[in-house]
Amino acid sequence: KQEVTQIPAALSVPEGENLVLNCSFTDSAIYNLQWFRQDPGKGLTSLLLIQSSQREQTSGRLNASLDKSSGRSTLYIAASQPGDSATYLCAVMDTGRRALTFGSGTRLQVQP
Amino acid sequence: SAVISQKPSRDICQRGTSLTIQCQVDSQVTMMFWYRQQPGQSLTLIATANQGSEATYESGFVIDKFPISRPNLTFSTLTVSNMSPEDSSIYLCSAAGRANERNTEAFFGQGTRLTVV
């Protein structure tokens, strides 16, 4: 059974810092990996999608990498802003049903 | 990205009653799923909603408690039956596999925040 772990569980940084969120998964037979953002009481917003054959994806200040063989992904946020404050969720999609297994999330607080 | 409309967005229900949550996708999709997010927790898959056939439930979830319908490629419902306070959670609908899409990206509705009293 796939298990997804995210560290740290919570992170508080001053505005402007670059930061890295970590995600690891136990079964490397994945279809893809997605990073999501969730604001309090809201649904999920998809940030980046990395196919299993890809190594990284970039969108604006966000960069996500994938090392499938070692079961790891990182989300890099450059020049953090208070508006980045949210919970970031890593999820891997299985090759069969195409359902997602989620990590427990990293709660990020960016202080002005 | 696909737009997923989910309603109601929130509800407060009496224990013992049932609530049906609707999920509408703005385009045809191959796959639809229902997830639960308990307070302070991450998301857990309840079931895969199969078009025209019975849903496929994950361990710990049963059809009598969470009946699911999916009459076509854009719509699904989840019913939370005989509710108890332990059912208080956010329920989220997800869709993936749009036509002519190379990458299978999952999208989510805004969720239904359910409180059972």
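For the structure, check the block above.
These lines cover the structure that appears in this document, whether it is placed above or below. Keep in mind that what you see is a predicted model, and the values were worked out from it rather than measured. (Residues numbered from 1 in each chain as written. Chains lettered and ligands numbered in written order. Predicted model: local features only at pLDDT ≥ 70, side-chain atom pairs only at ≥ 80, totals over all residues. Heavy atoms only, no water.)

Cis geometry is adopted by the peptide bond preceding A:Pro8, which originates at A:Ile7 and carries an omega value of 0 degrees. In this structure, A:Pro8 sits in the loop between β1 (4-7) and β2 (10-14). Between B:Lys7 and the following residue, B:Pro8, the backbone shows a cis peptide bond with an omega angle of 5 degrees. Examined against the element boundaries, B:Pro8 turns out to sit in the loop between β1 (4-7) and β2 (10-13). Its identity as a non-glycine residue notwithstanding, B:Asn82 has a phi of 45 degrees, on the positive side. Residue position: B:Asn82 is located in the loop between β8 (75-80) and β9 (89-98). (Helix = DSSP H or I, 4+ residues; strand = E, 2+ residues; numbered from the N terminus.)

Here the focus is the interface of chain B and chain A. With 18 residues of chain B at the contact, the number on the chain A side is 21 residues. Summing the contributions of chain B and of chain A, the shared interface buries around 1,600 Å²; its carbon and sulfur component is 53%. When the buried area of chain B at its contact with chain A is split by residue, B:Ser42, B:Thr104 and B:Phe108 rank highest and sum to 27% of it. Across the contact surface, chain B and chain A share one salt bridge. In this structure, B:Glu58 and A:Arg97 form a salt bridge, with 2.4 Å as the shortest nitrogen-oxygen distance. Across the contact surface, chain B and chain A share 10 residue pairs in polar contact (both at pLDDT 80 or more). Those elements giving two or more residues to the side of chain B that touches chain A turn out to be β4 (29-37) and β5 (43-49) of chain B. By residue number, the principal contributor to the side of chain B that touches chain A is β4(B), which donates four residues. (Contact = heavy atoms within 4.5 Å. Buried area = accessible area lost by both parts, 1.4 Å probe. Salt bridge = Lys/Arg side-chain N within 4 Å of Asp/Glu carboxyl O. Polar contact = N/O pair within 3.5 Å; in protein donor to acceptor, adjacent residues only side chain to side chain.)

Here we come to the sheet that holds strand β8 (residues 72-77) of chain A. What holds strands together in a sheet is hydrogen bonding between their backbones, with the strands either parallel or antiparallel. Residues and elements named next belong to chain A. Judged by pairing direction, the sheet is antiparallel, and its five strands sit side by side in the order β1-β3-β8-β7-β6 without closing on themselves. A strand with exactly one partner marks an edge of an open sheet, and here the two such strands are β1 and β6 (56-59). For this sheet the average axis-to-axis angle between neighbouring strands, irrespective of direction, equals 15 degrees. Inspection of the sheet shows β6 paired to strand β7 (residues 62-67) by four bridges, in the antiparallel sense. The residue bridging Glu56 from the neighbouring strand is Ser65, located in β7. (Pairing = 2+ DSSP bridges. Axes fitted to C-alpha atoms, helices over the stretch in contact; angles between N-to-C directions.)

Moving on, we get to the side chain of B:Thr74. Residues and elements named next belong to chain B. Following the sequence through the fold, Thr74 ends up in the loop between β7 (68-69) and β8. With relative accessibility at 18%, the residue Thr74 sits in the buried group. A distance of 3.2 Å separates a polar atom in the side chain of Thr74 from a polar atom in the side chain of Gln24. In contact with Thr74, not counting residues within four places along its chain, are Cys23, Gln24, Val25, Ser27, Gln28 and Met32. (Buried < 20%, exposed > 50% of the residue type's maximum accessible area, 1.4 Å probe, protein only.)

Let's shift gears to the packing of aromatic side chains. If you walk through the whole model with that rule in mind, you get eight aromatic pairs over all chains. Seen from their ring centres, B:Tyr35 and B:Phe108 are 5.5 Å apart, and the 50 degrees between their planes marks the pair as tilted. Here B:Phe108 lies in strand β10 (residues 107-108) and B:Tyr35 lies in strand β4, a separation of 73 residues in the sequence. The residues B:Tyr35 and B:Phe108 share a single accessibility class, namely buried. One aromatic cluster is present, formed by A:Phe36, A:Phe102, B:Phe33, B:Tyr35 and B:Phe108 through successive ring pairs. For the cation-ring pair, A:Arg98 lies above A:Tyr31, with the distance from its terminal atom to the ring centre recorded as 3.7 Å. (Phe/Tyr/Trp six-rings, centres within 6.5 Å; stacked < 30°, edge-to-face > 60°. Lys NZ or Arg CZ within 6 Å of the ring centre and 35° of its normal.)

Time to look at the sheet that holds β8(B). Residues and elements named next belong to chain B. Strand order in the open sheet made by the four strands is β1-β3-β8-β7, with antiparallel pairing throughout. Of all the strands in the sheet, just β1 and β7 have a single pairing partner and so form its edges. Here strand β3 (residues 19-25) runs beside β8; their pairing, made up of six bridges, is antiparallel. For Ile21, the partnering residue across the bridge sits in β8 and is Leu78.

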